[in-house]
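Fold and contact review
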Amino acid sequence: MILLHKINFVQEKITNFAPEFQSLKNMNFPLFIARRIYSKNDGQRMVSKPAIRIATAGVAIGLAVMIVSVSVVFGFKHTIRDKVVGFGSHIQVGEFMTLQNADQRPVAMTDSMMAALRRTDGVRHVQRFAMRQGILKTDEDFLGVLFKGVGPEFDSTFIHQNIVEGSIPAFSDSSSTNKLLISKSMADKLRLKSGDRIFAYFIDNGVRARRFDISGIYQTNLSQYDDAICYIDLYTAVKLNGWEPDQVSGAEVSVENFLKIDEVEEIFINKVNRQVDKYGETYSTKTIQELNPQLFSWLELLDLNVWIILALMVAVAAVTMISGLLIIILERTTMIGVLKALGARNKTIRHTFLWFAVFMIGRGLLIGNLLGIGLVLLQRYTGLIKLDPETYYVSTVPVEINIPLIILLNIATLLISLFILIAPSYLISHIQPAKSMRYE
């Protein structure tokens, strides 16, 4: 009776698959079987369903966490980087000793030199600047600041994005407008607002005073710059320093691609560095990373956090997938025995269950993408999660959607998960048809 029951069982399995067997010659047999198993819902065995759902959820949650983590870290790094670049551009061309320390020594920035910098491959914009230390004073308080003189070629895009009150004045290199652009932290400390007048004092051999009208107030939340820098005319800064009309602190160069800063600087090193201007000063260059090494080193440390999170999430997804696959294999022991009895090789059956795992991982990836990208978009357009700007330099969690990186995360998760599942799939080799079929 037992033997007759086994024969009937095999005949029933063959009958169920008979319509499809005619087309198997042109099909991937493991893929065909895996699709049938994944889509079949006969209600007889429900043990594997929770395992499949848990494995799918593990992949989905892991990928969603990875997408959110990468988006936040990249958003944070690029936001801080853009703020630093907004104050100092990508590359500074100036006097050699000035770039080595904080001393302000002028360098001639003639029209020919500016034209040579602009013609360099990869350069997007060039602007002159001049620095001058001074003191802002009201009737009740005073504050030491750094005046940055800029000319008509000043790219005000960054400041315009961070203006909170008033407007950006039209800066000049030929006359003084006595307009001043200060930060919100300065305005709060001195209790000033847009339109107010204030005196600035400059100390050389004696003390010189100059009155300014506050044209606008900006706020970037980057305290080391907000607490120090205010903007005036380039003409005024040059006059206050006692320099010649063509002398400035240097030129700020913006490049088209941040990743090619070193390439552009290498061109400057060959074309500009070590040249001497008509006043005997030597030209030199430095990138924004070299001018702010501590800040950029801190930003690079954030990459380590990303790698740790990615490793943990891949590990979680892999463990849940291994558990789910083992449960499915054990539940399908009889089917494995039948396939072996019909002549299927261990390799074919292993590929069948690996294809089954692909279906589970694929569904998890789809859910994970929807969940992760959805959370990132929610934060991007609503700013739901707030931060303390005094600590993190931003008022909300910045996010950045990097489509190529998200695609790479999906591919890497799929391949790593499948690679890890190869070893558990060899459990199939230890299943013997004679023993497995008796459990049916």
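The present account deals with the structure reproduced in this document. (Residues numbered from 1 in each chain as written. Predicted model: local features only at pLDDT ≥ 70, side-chain atom pairs only at ≥ 80, totals over all residues. Heavy atoms only, no water.)

Considering all chains together, one arrives at 14 salt bridges under this definition. Ionic pairing is found between glutamate 153 and arginine 128, a salt bridge with its closest N-O pair at 2.8 Å. Placement of glutamate 153 in the loop between β4 (142-150) and α6 (157-161) and of arginine 128 in strand β3 (residues 123-137) is noted, with a sequence separation of 25 residues between them. Taken as a pair, glutamate 153 and arginine 128 share a single burial class, namely buried. Among the salt bridges present, the one from aspartate 246 reaches lysine 278, with a minimum N-O distance of 2.9 Å. Of the two residues, aspartate 246 sits in the loop between α9 (234-241) and β10 (247-248) while lysine 278 sits in the loop between α10 (261-271) and β12 (283-287), which places them 32 residues apart along the sequence. On the accessibility criterion, lysine 278 (63% relative accessible area) is exposed. Sharing partners across several salt bridges, the network here consists of Arg128, Glu153 and Asp173. (Salt bridge = Lys/Arg side-chain N within 4 Å of Asp/Glu carboxyl O. Helix = DSSP H or I, 4+ residues; strand = E, 2+ residues; numbered from the N terminus. Buried < 20%, exposed > 50% of the residue type's maximum accessible area, 1.4 Å probe, protein only.)

For the rest of this paragraph, the subject is unusual backbone geometry. Even without a glycine there, the phi angle at arginine 274 is positive, about 75°. If you check the backbone angles, tyrosine 393 has positive phi at about 70° while not being a glycine. Mapped onto the fold, tyrosine 393 is located in the loop between α15 (389-392) and α16 (403-425). Tyrosine 393 gets classed as buried once you look at its relative accessible area, which sits at 18%.

Note on placement: serine 183 falls in strand β6 (residues 179-183). Accessibility expressed as a relative area gives 0% for serine 183, which makes it buried. At 2.4 Å, the side chain of serine 183 and the backbone oxygen of aspartate 226 are in polar contact. Residue contacts for serine 183: discarding those within four places in its chain leaves Ile217, Tyr218 and Asp226. (Polar contact = N/O pair within 3.5 Å; in protein donor to acceptor, adjacent residues only side chain to side chain. Contact = heavy atoms within 4.5 Å.)

Geometric descriptors of this kind do not, in isolation, establish any biological role.
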